[in-house]
Amino acid sequence: MCHHNRFLLLNVAKSDIISLVFQVDETLCPFKLSQEQLQLVKARMRAGLEAGLKTKGSSAIKMLPSYVYRTPDGTEHGKYLALDLGGTNFRAMMVNFKRQNARLYHKIYTIPLEIMQGTGEELFDHIAQCVSDFLDYMGMKNAHLPAGFTFSFPCEQTAIDTVSVDIKVLWGWRTGTNVCYMEEVDAELSKMCINTEWGGLGDDGSLDDIITPYDMEVNQNSINPGRQRFEKLTSGMYLGEIVRQVLLDLTRGGLLFRGHVTETLKTPGIFETKYLSQIERWEKLCVRSILQQLGLKGTCDDSIIVKEVCGAVSRRAAQLCGAGMAAVVDKIRENRGLDHLNITVGVDGALYKLHPHFSRVLKDTTEVLAPQCNVTFLPSEEGSGKGAALISAVARQMHADSLSGTLLDIMQQFRRELAKGLGRDTNPTAALKMLPTFVRSIPDGSEKGDFIALDLGGSNFRILRVKVSHEKKQTVQMESQIYDTPEDIIHGSGTRLFDHVAECLGDFMEKQNIKDKKLPVGFTFSFPCQQTKLDEGFLITWTKRFKAGGVEGMDVVKLLNKAIKKRGDYDADIMAVVNDTVGTMMTCGFDDQRCEVGIIIGTGTNACYMEELRNIDLVEGDEGRMCVNTEWGAFGDDGRLEDIRTEFDREIDRGSINPGKQLFEKMVSGMYMGELVRLILVKMAREGLVFEGRITPELLTKGKFETKHISAIEKSKEGLSKAREILTRLGVEPSTDDFSLVSQVCTVVSFRSANLIAAALAGILMRLKENKGVARLRTTVGIDGSLYKMHPQYARRLHKAVRRLVPDTDVRFLLSESGSGKGAAMVTAVAYRLTYSSRIFWSYLQSVHAFFSIYHRNVF
Ligand code: BG6
Ligand code: GLC
């Protein structure tokens with residue numbers, strides 16, 4: 001029985017809990033290494049290093065010479081291409097050494113799993129493609145740069161191709177683990193960098209006494225059983241798997257998840273190492289929500305146990321690395337004949353950087369086991385200097401860099417907000433207004449007719465004619481025209497705005513030659529409206545750029561009808577007013593019957609979805625479903641997002657036409673993202689980190705940096721030349737470093753947007769899944785909006801984040817190619833059919849009544 005036991009102190013009350021604690025503790029005992037065991041590991045590592053140097057590659061630790069004879073001394077200059085393969089991604093970098101400074105530009109490329117596990121040829125073809133793309137991006141396609149290849153797998157080298165950068169000891173710890181250091185090789189050359197390949201320690205059985213049955217299982221299931229044993233105890237690729245094996249064992253023993261072994265738990269690789277970092281960092285509730293994402297329904301006690309397991313596995317890994325490190329630094333000290341050594345170890349790797357305790361435990365263990373060495377661990381920073389550091393700080397502040405724990409929290413909060421908005425008593429104080437739309441189903445294929453659709457509120461004001469016919473199959477024909485909506489009109493009086501809409505409609509009908517007809521009109525009005533029926537919508541509040549006076553609180557259908565009547569030159573029958581999200585869902589629903597969510601990611605952002613009527617307290621009836629307009633742009637208006645709002649978000653809000661409102665929208669949507677980038681750049685320039693500290697009047701002008709510029713800069717092909725053009729227009733003379741920093745700022749801001757929207761959408765999908773009571777949800781999400789459509793990476797990032805957040809869902813994302821007009825026409829078609837069939841019914845009733853009155857009179 002192990003002596004450290006937090007459970008015991010926490011839960012002494014019940015005897016069954018104590019017995020549970022004992023049994024869990026027993027299971028975790030082999031992971032708790034004593035000081036003596038760690039000393040032994042250090043000694044074995046040292047012996048392994050010596051044996052590797054002597055036997056030149058035939059022992060467990062390979063000690064491969066790298067033919068790098070010195071670390072940089074500041075005299076290096078010129079441009080080099082550096083390629084880094086072997087971690088989770090492939091990274092192409094351009095390093096420019098200039099007067100003791102190294103500037104770094106880089107781009108990260110993910111390597112698809114099928115390529116990673118495919119043939120060598122496929123892998124190198126893919127890499128060649130990425131390099132070509134990178135050179136294109138840097139505008140250096142024809143330059144012949146010397147290239148260095150960081151290939152993070154063991155290689156036998158006989159000569160060096162290029163210079164590589166190192167400190168005294170470089171310790172890599174990403175998906176694998178490895179160390180290189182400067183070793184005395186012979187009297188003349190003095191030192192050469194040796195790539196230890198220390199992950200091989202134990203391949204000769206020297207670690208068998210500390211290897212647990214769980215490690216054995218992981219080893220057996222790996223692609224290289226019996227090899228890289230030390231790596232399999234310590235590195236990112238395996239820790240999650242070890243934890244999963246322990247959890248499986250505890251569950252089988254009835255100590256976890258009520259003894260219920262799920263398919264998920266049996267799935268190799270499902271428990272990723274990043275979850276260790278998240279679980280050890282976060283509170284019980286978060287642990288539970290992570291488990292839920294994995295399909296594991298845990299109790300509070302389960303969460304504590306899972307956290308304990310993660311802690312034991314990660315702590316052992318850090319301690320083992322500390323023991324190995326102690327052996328390396330002691331060897332360097334002895335090589336140099338010193339009593340005491342001060343040394344810097346450069347460290348890289350996701351777990352080292354992201355895990356809350358790993359770096360501390362590593363340092364503590366190294367210090368205890370190598371008391372004659374003073375070791376400073378220096379995490380490697382990406383990007384160039386202080387500018388990059390500020391960007392990382394902003395990225396951290398913006399939670400843009402895949403902090404999925406935060407996203408899970410946001411998703412859960414969003415779900416709670418959905419429920420709050422639906423409840424009769426809670427709705428008045430809820431941030432999400434959850435507006436009933438009176439749309440009860442998506443198109444069923446029977447719609448037909450000739451319609452007009454007005455589409456007001458996005459970046460364009462559009463009028464469309466939509467003809468739906470039924471010859472053999474349903475076909476749609478559309479003609480449209482875009483009209484201006486000048487600033488003075490959207491900020492003027494409501495009367496002027498609706499007069500303008502009526503005038504444009506008149507013009508459109510004139511051009512279509514239909515001024516004498518009274519066609520049914522569907523009105524896409526992209527603002528929050530309170531509805532009690534389809535053809536009535538009271539504007540709750542203006543959002544985005546609109547601020548016309550005297551419209552809030554009014555029925556926009558009435559206002560438009562009034563404007564049309566006032567003209568008197570044509571007539572129109574406005575049959576439905578729909579939000580653009582609803583129009584989008586209906587447009588996509590026309591092509592895919594599974595579509596039950598509509599999203600806009602454009603000037604503004606919003607979503608609607610089909611909710612069970614029994615859950616919508618604000619509408620009578622329990623049967624069937626109704627589309628609800630969430631107005632998610634207002635998420636956070638009650639202060640719920642304060643933790644993640646940054647100084648830049650607050651500044652945007654202060655300068656907006658509706659301070660304190662639409663706070664989520666202001667963090668993520670197209671109207672504000674460019675401005676967010678501009679504000680960050682101004683701060684960076686003020687601190688002298690970009691543009692040599694020069695701030696031009698253009699840079700200080702609100703709105704000068706637009707969201708479309710973010711999309712242009714993040715394009716892999718012409719990104720760099722576009723950045724040059726855009727920055728030149730801002731009056732700055734950008735250096736090549738500035739390009740790289742500006743593009744990083746754009747990525748931080750757009751990544752955060754995609755992640756936050758993914759969290760909210762995941763909340764809706766979870767709700768749909770719960771409503772339907774299915775284990776796996778299959779659904780389609782209709783999407784529209786300029787940001788989603790124009791940004792080169794946005795859609796991919798969003799889809800990926802959503803699938804990560806709701807893994808048990810098959811989501812199809814369907815882009816609404818034809819805008820929301822078609823969908824609005826579909827809603828109008830249904831409204832038209834219902835109205836006219838009821839009109840026909842009423843006139844039929846009236847004639848029957850008239851007949852009987854006459855009959856009655858005549859007969860009696
Ligand atoms: C259009 C839809 O395609 O997208 C509009 O037809 C919608 O109804 C718009 O408002 C949203 O995107 P953006 O980028 O124009 O705000
Ligand atoms: C704003 C509006 C909302 C609309 C969205 C997308 O958030 O309030 O109604 O759907 O923008 O255009």
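Just above sits the structure.
Criteria and cut-off values
Residues numbered from 1 in each chain as written. Chains lettered and ligands numbered in written order. Predicted model: local features only at pLDDT ≥ 70, side-chain atom pairs only at ≥ 80, totals over all residues. Heavy atoms only, no water. Helix = DSSP H or I, 4+ residues; strand = E, 2+ residues; numbered from the N terminus. Buried < 20%, exposed > 50% of the residue type's maximum accessible area, 1.4 Å probe, protein only. Contact = heavy atoms within 4.5 Å. Areas by Shrake-Rupley, 256 points an atom, 1.4 Å probe, with all protein chains shown as cover. Near = heavy atom within 4 Å. Polar contact = N/O pair within 3.5 Å; in protein donor to acceptor, adjacent residues only side chain to side chain. Nonpolar A, V, L, I, M, F, W, Y, C, P; charged D, E, K, R; others polar. Core = buried A, V, L, I, M, F, W, Y, C linked by side-chain atoms within 4.5 Å. Domains from an automatic or database assignment. Salt bridge = Lys/Arg side-chain N within 4 Å of Asp/Glu carboxyl O. Axes fitted to C-alpha atoms, helices over the stretch in contact; angles between N-to-C directions. Parallel < 35°, antiparallel > 145°, perpendicular 65-115°, else oblique. Left-handed = near helix turned anticlockwise from the far one by under 90°. Phe/Tyr/Trp six-rings, centres within 6.5 Å; stacked < 30°, edge-to-face > 60°. Lys, Arg positive; Asp, Glu negative; His and termini not counted. Pairing = 2+ DSSP bridges.

1. Points about the overall build of the protein chain
Regarding its fold elements, the protein chain presents 28 helices and 23 strands. Here the protein chain, with 860 residues, has 54% of them falling under the buried criterion. For the protein chain, the share of sequence-separated contacts (at least 6 apart) that also reach a separation of at least 24 residues comes to 69%. Carbon and sulfur atoms form 52% of the exposed surface of the protein chain, whose accessible area is close to 38,200 Å².

2. Overview of the site of ligand 1
For ligand 1, the set of nearby residues contains 15 residues, the closest of which are Asp-455, Ser-459, Thr-603, Ser-786 and Ser-820. Interatomic distance of 2.6 Å between a side-chain N/O atom of Asp-784 and an oxygen atom of ligand 1. By residue class, the composition of the shell around ligand 1 is one nonpolar, ten polar and four charged.

3. A few points about the nonpolar core
Of all hydrophobic cores here, the largest spans 158 residues; its most connected members are Trp-632 and Leu-798. Residue contributions to this core peak at 18 residues, all from helix α25 (residues 736-772). Counting the residues that make up this core, at least three belong to each of domain 1 (4-59 + 198-379) and domain 2 (64-195 + 384-401). Excluding its chain neighbours within four sequence positions, the residues that come into contact with Trp-632 are Phe-414, Leu-432, Ile-599, Thr-605, Asn-606, Ala-607, Phe-664, Ile-757, Ala-760, Leu-761 and Ile-764.

4. Things to note about the pattern of salt bridges
Under the defined criterion, the tally for this structure stands at 41 salt bridges. Residue Arg-333 pairs with Glu-334 through a salt bridge whose shortest N-O separation is 3.8 Å. Between Glu-647 and Lys-683 there is a salt bridge; the shortest N-O distance is 3.3 Å. Pair noted here: Glu-647 is in helix α20 (residues 647-654) and Lys-683 is in helix α22 (residues 670-686), with a separation of 36 residues, a long-range link. With relative accessibility at 38%, the residue Glu-647 sits in the partly exposed group. Residue Lys-683 is classed as partly exposed on the basis of its relative accessible area, which comes to 24%. Each of Lys-42, Arg-46, Glu-50, Asp-330, Lys-331, Arg-333 and Glu-334 takes part in one network of salt bridges that share partners.

5. Quick word on the packing of α25 against helix α27 (residues 794-805)
It is the contact of α25 with α27, at a shortest axis distance of 8 Å, that shows an interaxial angle of 40°. Classified by the angle between their axes, α25 and α27 sit oblique to one another. In this structure, α25 meets α27 at a crossing whose hand is right-handed. In this structure, α25 uses Thr-747, Ser-750, Phe-751, Ser-753, Ala-754, Asn-755, Ile-757, Ala-758, Ala-759, Leu-761, Ala-762 and Leu-765 to contact α27, whose residues at the interface are Tyr-794, Arg-797, Leu-798, Ala-801, Val-802 and Leu-805. Counted by class, the contact of α25 with α27 contains 13 nonpolar, four polar and one charged residues.

6. Some remarks on the packing of aromatic side chains
Tallied over the full model, the rule gives 14 aromatic pairs. On the basis of an interplanar angle of 75° and a centroid distance of 5.4 Å, the ring pair of Trp-198 and Phe-230 is categorised as edge-to-face. One end of the pair, Trp-198, is in the loop between β8 (191-195) and α6 (213-221); the other, Phe-230, is in helix α7 (residues 229-234), and 32 residues separate them in sequence. In this pair, the class of Trp-198 matches that of Phe-230, namely buried. Put simply, the rings of Phe-523, Phe-525, Phe-527, Trp-542 and Phe-546 touch in pairs and so form one group of aromatic residues.

7. Side note on the side chain of Asp-455
If you trace the backbone, Asp-455 turns up in strand β12 (residues 449-456). Here Asp-455 occupies a buried position and makes no salt bridge, while the nearest side chain of opposite charge, Arg-462, is found at 4.2 Å. Other than its neighbours up to four places away in sequence, Asp-455 contacts Asn-460, Phe-461, Arg-462, Leu-464, Thr-524 and Ser-820.

8. With respect to the sheet that holds strand β13 (residues 461-471)
Spatially, five strands are ordered β14-β13-β12-β15-β18 in an open sheet, and the strand pairing comes out mixed. Among the strands making up the open sheet, the edge pair consists of β14 (473-483) and β18 (573-578). With direction set aside, neighbouring strand axes in the sheet form an average angle of 25°. One ladder, built from eleven bridges, connects β13 with β14; its direction is antiparallel. Directly across from Val-466, in β14, lies its bridge partner Met-478.

9. Focus: the environment of Phe-590
Examined against the element boundaries, Phe-590 turns out to sit in helix α19 (residues 580-591). Separated by 233 residues in sequence, Phe-590 and Gly-823 place their C-alpha atoms 7.6 Å apart. The residues touching Phe-590, leaving out its near neighbours within four places in the chain, are Pro-443, Gln-474, Val-476, Lys-822 and Met-826.

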